[in-house]
Number of protein chains: 2
Amino acid sequence: MSSIEMIEAAARRLAGHARRTPLLSSPFLDEIAGRRLLVKPECLQHTGSFKFRGAWSAISALDPEIRARGVIAFSSGNHAQGVAHAATLHGISSVIVMPSDAPKLKIENTRALGAEVVLYDRGRESREEIGATLAGERGLTLIKPYDEPQVIAGQGTVGLEIAQQATEMGVKRAEVLVCCGGGGLTSGVALALHHHAPDMRVRPAEPEGFDDTRRSLASGTISRNTSETGNICDAILTPQPGQITFPILQRLCGPGLAVSEDEALHAMALAFLRLKIVLEPGGAVALASALFRGSELQGDTVIAVASGGNVDAALFQRALERFA
Amino acid sequence: MSSIEMIEAAARRLAGHARRTPLLSSPFLDEIAGRRLLVKPECLQHTGSFKFRGAWSAISALDPEIRARGVIAFSSGNHAQGVAHAATLHGISSVIVMPSDAPKLKIENTRALGAEVVLYDRGRESREEIGATLAGERGLTLIKPYDEPQVIAGQGTVGLEIAQQATEMGVKRAEVLVCCGGGGLTSGVALALHHHAPDMRVRPAEPEGFDDTRRSLASGTISRNTSETGNICDAILTPQPGQITFPILQRLCGPGLAVSEDEALHAMALAFLRLKIVLEPGGAVALASALFRGSELQGDTVIAVASGGNVDAALFQRALERFA
């Protein structure tokens, strides 16, 4: 199971490999948020999202002989890029199983990061079967996107950094908003802060209509989303909270928050103007919650994890046209 | 005069106030540059540019009684915002003298950062006279944008960080490209690296047609630009190298580099795609030189200082439309 010891061990394995992202702020954003707002820009992480941390953690934790056979992942997004890059840096091969209708740029980027991309037909084939066959033939290890203790431990290093950086700034008490899909990042950060900054409380942030975690936390049982598509926050549209992540969230997190697509776009525009960082919609929901859900927050300081920045130019321009 | 001792003293005064920006990289940019490329994103500094460092350094170095009377600066750009914010954080007043035709947003931002903005008519009034009158009446201290040893010392802290961060990554030898206007940042970085990373060499980067520093270095005497307007790299369009900065550049820097407006826009688009940071054209000329002037560079590693990100949405969108 995931534990603070695993997160601290992951931090040692990540040292010198993952980037230590800074904590950013702007008086203009403090004004909008109505309190002090600190932003942890994981868009600046290798491959443009926090996913590199979990991928590196999981791959570096493998037995060297098993690792040498290579890894496999199912993903068309940030997890794919994180696994591909972490595998290449470890000098091992990676196979990424993607739907054949995934955006060409994502396929090309994943290949350019060193992965073998295997495409499947979403309508007719099962990625699990394809993956199981490939894994069996080649002895590949599956790297799951969130429901995997070593992945959670890697994402938790974001929380270790927040605890240390906020303390250096004199911040002890804060609500920490985390963009939440399957809950790997949120549960890892919650575990890390529970031990190193116990006066901080994590709040998951999601898109409205895809707030499975918020509903699950409110009801006390895992609740599903009705769809996995139909929202610009594609990076965090997962069917439901994970089996491993949810009990951690339930034990450690405060109530969830949810924002509209327009609020995510607005937060992207403000991050452009005031922080000079590039966020994707799914990576902006925590910042949007900090800016536009102030009445649901407590205390004089809020920290938002900006989890990723892999957005195409057209969508980013839409955010700027509407809100910058 | 500027010295490594002044830079190190400035670093101590800036600790906990200026942001320590990370060193970013992307395998995609390495590929284009044809060598390892590291980027120091000073767009992530407070107020969106390195100018905050020099402003803080100069203000914090003042005698407390003199400082308490306030400071004054002439600028419509990044120096204005740096001085305004650093003054406000010191609890003192600042007056920024700006042309009345400066963009409204820049005037508003500077006011919002706590400055009193005094507008003058570029055609009929002299900002120096207005400034001298105000300074005399109120006892304000003028903070010059680059030809001032404590400002150079503050900008030089960028070089201290590069030396330390590159060493941690195993990089000892590199060409370090710096966006160059009056030469405050370039000379400060050159001084810092000369002492702490003597195998690194600084190269000033400028816009084509406004390459006064490149021409001055080539000829050995200070050469002027024919114009101070007419290029999108407005942040670094200065009339000529400074009297204090130029001798430092002459002693320590390699030949200058210059890029076109389109190359600056292209570098902005690549920084968006691959580093997830926002650059303004004048803050992108060093990165553009690293990417598109490889034949003029030596060695297997290049470091580019991305000096600022204060760009309006329309111009940023133009960069994305053309090159992303």
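Residues numbered from 1 in each chain as written. Chains lettered and ligands numbered in written order. Predicted model: local features only at pLDDT ≥ 70, side-chain atom pairs only at ≥ 80, totals over all residues. Heavy atoms only, no water.

Caption draft 1: Highlighting the overall build of chain A. Regarding its fold elements, chain A presents 14 helices and nine strands. By the compact-globule yardstick of 20 Å for 324 residues, chain A fits well, its C-alpha radius of gyration being 18 Å. Along the first, second and third principal axes, the C-alpha set of chain A runs to 55 × 40 × 40 Å. Considering only contacts within chain A whose residues lie at least 6 apart along the sequence, 73% involve residues at least 24 apart. Only carbon and sulfur atoms are counted for the fraction: they give 48% of the accessible area of chain A, which is about 11900 Å². (Helix = DSSP H or I, 4+ residues; strand = E, 2+ residues; numbered from the N terminus. Rg over C-alpha atoms; globule rule 2.2 N^0.38 Å. Contact = heavy atoms within 4.5 Å. Areas by Shrake-Rupley, 256 points an atom, 1.4 Å probe, with all protein chains shown as cover.)

Caption draft 2: Up close: the interface of chain A and chain B. Taken together, the 31 residues of chain A in the interface contact 31 residues of chain B. Here chain A meets chain B over a buried area of about 2500 Å², counting both sides, of which 66% is carbon and sulfur. Summed over the three residues of chain A that lose the most area to chain B, namely R19, F272 and K276 of chain A, the buried surface amounts to 25% of that side. One can count zero salt bridges joining chain A with chain B. (Buried area = accessible area lost by both parts, 1.4 Å probe. Salt bridge = Lys/Arg side-chain N within 4 Å of Asp/Glu carboxyl O.)

Caption draft 3: Examining the domain arrangement of chain A more closely. Residues and elements named next belong to chain A. Split into domains, chain A comes out as domain 1 (4-50 + 148-323) and domain 2 (70-139). On the domain 2 side, the residues contacting the seven residues of domain 1 number six residues. The largest share of the area that domain 1 buries against domain 2 comes from T47, S49 and N310, three residues that together contribute 62% of it. For the interface between domain 1 and domain 2, the tally reads one salt bridge. A salt bridge links K106 to D234; its shortest N-O distance comes to 3.5 Å. Taken together, the residues of the side of domain 1 that touches domain 2 sort by class into one nonpolar, four polar and two charged. (Domains from an automatic or database assignment. Nonpolar A, V, L, I, M, F, W, Y, C, P; charged D, E, K, R; others polar.)

Caption draft 4: Broad picture of the side chain of Q45 of chain B. Residue and element names in this part refer to chain B. Counting through the fold element by element, Q45 comes out in the loop between strand 1 (36-41) and helix 3 (51-61). For Q45, the side chain forms a polar contact with the main-chain nitrogen of R19, separated by 2.8 Å. Once you skip the residues sitting within four places of it in the chain, Q45 turns out to touch A18, R19, T21, F50, F52 and R53. (Polar contact = N/O pair within 3.5 Å; in protein donor to acceptor, adjacent residues only side chain to side chain.)

Caption draft 5: Representation of helix 1 (residues 4-14) of chain B. Residue and element names in this part refer to chain B. Residues I4, M6, I7, A10 and L14 constitute the buried set of helix 1. Take helix 1 and look down its axis: the buried residues cluster within an arc of 155°, on one side only. Those residues of helix 1 that are exposed and aimed more than 90 degrees away from the buried face are E5 and R12. Where helix 1 is buried, its residues touch helix 3, helix 8 (149-168) and helix 9 (184-196). (Buried < 20%, exposed > 50% of the residue type's maximum accessible area, 1.4 Å probe, protein only. Arc of directions from axis to C-beta.)

Caption draft 6: Representation of the nonpolar core in the model. If you look at the biggest cluster of nonpolar residues, it comprises 88 residues, and the most contacted ones within it are L37 and F316 of chain A together with L37 and F316 of chain B. Apart from residues lying up to four places away in sequence, L37 of chain A is in contact with L24, S25, L29, D30, L287, A290, L291, V302 and A304 of chain A. Counting residues in each nonpolar core, the second largest holds 62 residues, with A18, M98, A190 and L193 of chain B among its members. (Core = buried A, V, L, I, M, F, W, Y, C linked by side-chain atoms within 4.5 Å.)

Caption draft 7: The arrangement of the relation of the copies chain A and chain B in detail. Overlay of chain A on chain B (RMSD 0.0 Å): rotation 180°, translation along the axis 0.0 Å. What the rotation and shift describe, once combined, is the action of a two-fold rotation axis. Nearest to the rotation axis, the C-alpha of I277 of chain A is located 2.3 Å from it, this being the minimum over chain A. Both copies present the same face, since 100% of the interface residues in chain A are matched by interface residues at the equivalent positions in chain B. (Least-squares fit on C-alpha atoms with pLDDT ≥ 70 in both.)

Caption draft 8: Up close: the pattern of salt bridges. All names here are of chain A. On inspection of all chains with the given rule, the structure shows 32 salt bridges over all chains. A salt bridge links E128 to R127; the nearest nitrogen and oxygen atoms lie 3.3 Å apart. Overall, the relative accessible area of 31% leaves R127 in the partly exposed class. Across the salt bridge formed by R215 and D211, the nearest N and O atoms sit 3.0 Å from each other. Under the relative-accessibility criterion, R215 is labelled partly exposed at 29%.

Caption draft 9: Molecular detail of the sheet that holds strand 4 (residues 116-120) of chain A. All names here are of chain A. Taken together, four strands build an open sheet; the order of strands is 4-3-2-5 and the sheet is parallel. If you trace the sheet from one side to the other, it starts and ends with strand 4 and strand 5 (141-142), each paired once. The strands touched by helix 5 (residues 78-89) are strand 2 (71-74) and strand 3 (94-99); relative to strand 3, the strand with the most contacts, the crossing angle is about 165°. (Pairing = 2+ DSSP bridges. Axes fitted to C-alpha atoms, helices over the stretch in contact; angles between N-to-C directions.)

Caption draft 10: Broad picture of the UniProt feature "domain: Tryptophan synthase beta chain-like PALP" (unreviewed entry) in chain A. Under the local residue numbering, the UniProt record ascribes the feature "domain: Tryptophan synthase beta chain-like PALP" (unreviewed entry) to residues 16-308 of chain A. End C-alpha to end C-alpha, residues 16-308 of chain A measures 20 Å, and it is 45% helix and 16% strand. (UniProt positions renumbered as here; feature names shortened; annotations may be inferred.)

Caption draft 11: Broad picture of the pairing of strand 7 (residues 200-207) of chain B. Residues and elements named next belong to chain B. For strand 7, the tally of buried residues reaches seven of eight residues, placing the bulk of the element in the interior. Direction of pairing for strand 6 (residues 174-179) relative to strand 7: parallel, over a ladder of six bridges. The residue bridging V178 from the neighbouring strand is P204, located in strand 7. For the crossover that starts at strand 6, traverses helix 9 and ends in the parallel strand 7, the hand is right-handed. (Right-handed = clockwise from strand over helix to strand, strands pointing away.)

Caption draft 12: Region of the structure containing the packing of helix 1 (residues 4-14) of chain A against helix 8 (residues 149-168) of chain A. Residue and element names in this part refer to chain A. With their axes 8 Å apart at the nearest point, helix 1 and helix 8 run at an angle of 80° to one another. In terms of their interaxial angle, helix 1 and helix 8 are classed as roughly perpendicular. Mapping the contact onto sequence places I4, M6, I7, E8, A10, A11, R13 and L14 in helix 1 and P149, Q150, A153, G154, G156, T157 and L160 in helix 8. Of the residues belonging to the contact of helix 1 with helix 8, the class tally is nine nonpolar, four polar and two charged. (Parallel < 35°, antiparallel > 145°, perpendicular 65-115°, else oblique.)

Caption draft 13: Quick look at the packing of aromatic side chains. Inspection of the entire model under this criterion finds seven aromatic pairs over all chains. Ring plane angle 70° and centroid distance 6.2 Å describe the contact between F272 of chain A and F316 of chain A, whose orientation is recorded as edge-to-face. Taken together, the positions of F272 of chain A in helix 12 (residues 261-275) and F316 of chain A in helix 14 (residues 313-323) put the pair 44 residues apart, joining distant regions of the chain. Exposure remark for F316 of chain A: the relative accessible area of 0% places this residue in the buried category. Centre to centre, the rings of F52 of chain B and W56 of chain B are 5.8 Å apart; their planes meet at 45°, and the pair counts as tilted. One end of the pair, F52 of chain B, and the other, W56 of chain B, are both in helix 3, four residues apart, so they sit about a helical turn from each other. Residue classification places W56 of chain B among the buried positions, given a relative accessible area of 6%. (Phe/Tyr/Trp six-rings, centres within 6.5 Å; stacked < 30°, edge-to-face > 60°.)

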